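Architecture and fold: a report
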Amino acid sequence: MNDCLFCKIIAGEIPSNKIYEDESVYVFADIAPTAPVHWLVIPKEHIAKLSDINDKNSGVVSHIYEVISKLAAEHEEFKNGFRVVSNCGESAGQTVFHIHFHVLAGRDFAWPAG
Ligand code: 5GP
Ligand code: ZN
């Protein structure tokens, strides 16, 4: 866990562009944005990936969606729609193994995903 990039960002050891923070969640701008809004929403608790969510730690996921909904209501770029993505595992494209939810807004998005 000490080598986790996102734990270091939460601790302030690596700088980030903070959007929002509370007792259990941290939101910051992705370093390589793929949309006008590209934020990463992460729990402060280190959870490696979506498949590690269980009955003990799932509460933070519902809180994350509450935070996303609140931020969406506060930012104009979200008014026509937005996308939330969590890549789980290498085949899905996960590169940082601290669970994170990409929040994308400000343009149209294709479906199905690549
Ligand atoms: P994944 O590929 O695991 O779904 O998403 C990881 C995301 O973290 C990528 O979109 C990548 O651009 C972002 N990322 C990687 N390193 C850093 C960093 O040091 N700072 C920030 N803000 N984002 C990062
Ligand atoms: Zn971590």
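The structure this text deals with has already been given above.
Read on for an overview of the structure. (Residues numbered from 1 in each chain as written. Chains lettered and ligands numbered in written order. Predicted model: local features only at pLDDT ≥ 70, side-chain atom pairs only at ≥ 80, totals over all residues. Heavy atoms only, no water.)

Moving on: the overall build of the protein. Broken down by element type, the protein carries two helices and five strands. Secondary structure elements of the protein occur, N-terminal to C-terminal, as α-β-β-β-α-β-β. Taking 114 residues into account, the globule formula puts the C-alpha radius of gyration at 13 Å, and the protein, at 14 Å, falls close to it. Each principal axis of the C-alpha atoms in the protein carries an extent, and together these give about 40 × 30 × 30 Å. For the protein, restricting intrachain contacts to residue pairs at least 6 apart in sequence, the fraction spanning at least 24 positions comes to 54%. With the model as given, the accessible surface of the protein reaches about 6800 Å², and the carbon-plus-sulfur share is 52%. For the protein, the distance from the average site of its 9 positive side-chain charges to the average site of its 15 negative ones is 2 Å. (Helix = DSSP H or I, 4+ residues; strand = E, 2+ residues; numbered from the N terminus. Rg over C-alpha atoms; globule rule 2.2 N^0.38 Å. Contact = heavy atoms within 4.5 Å. Areas by Shrake-Rupley, 256 points an atom, 1.4 Å probe, with all protein chains shown as cover. Lys, Arg positive; Asp, Glu negative; His and termini not counted. Charge placed at Lys NZ, Arg CZ, Asp CG, Glu CD.)

Around ligand 1, 16 residues are found, and the nearest of them are Asp30, Asn87, Thr95, His100 and His102. Within the side chain of Asp30, one N or O atom sits 2.4 Å away from an oxygen atom of ligand 1. Taking His102, its side chain carries an N or O atom lying 2.8 Å from an oxygen atom of ligand 1. Compared with its free state, where it exposes 520 Å², ligand 1 has 81% of that area covered by protein. (Near = heavy atom within 4 Å. Polar contact = N/O pair within 3.5 Å; in protein donor to acceptor, adjacent residues only side chain to side chain.)

This brings us to the side chain of Asp22. As for its placement among the helices and strands, Asp22 is situated in the loop between β1 (18-21) and β2 (25-29). Here Asp22 occupies a buried position and makes no salt bridge, while the nearest side chain of opposite charge, Lys44, is found at 5.9 Å. Here Tyr20 takes part through its side chain, which lies 2.7 Å from a polar atom of the side chain of Asp22. Of note is the side chain of Asp22, whose polar atom sits 2.7 Å from the side chain of His63. Residues within four places of Asp22 in sequence aside, it is in contact with Lys44, His63 and Val67. (Buried < 20%, exposed > 50% of the residue type's maximum accessible area, 1.4 Å probe, protein only. Salt bridge = Lys/Arg side-chain N within 4 Å of Asp/Glu carboxyl O.)

Within the largest apolar cluster, 19 residues are counted, with the highest numbers of intra-cluster contacts made by Val25, Val27, Trp39, Val41, Ile64 and Phe78. Elements that contribute at least two residues to this core include exactly β2, β3 (37-43), α2 (59-74) and β5 (101-105). For Val25, the contacting residues outside a window of four places in its chain are Tyr20, Val41, Ile42, Lys44, Val60, His63, Ile64 and Val67. (Core = buried A, V, L, I, M, F, W, Y, C linked by side-chain atoms within 4.5 Å.)

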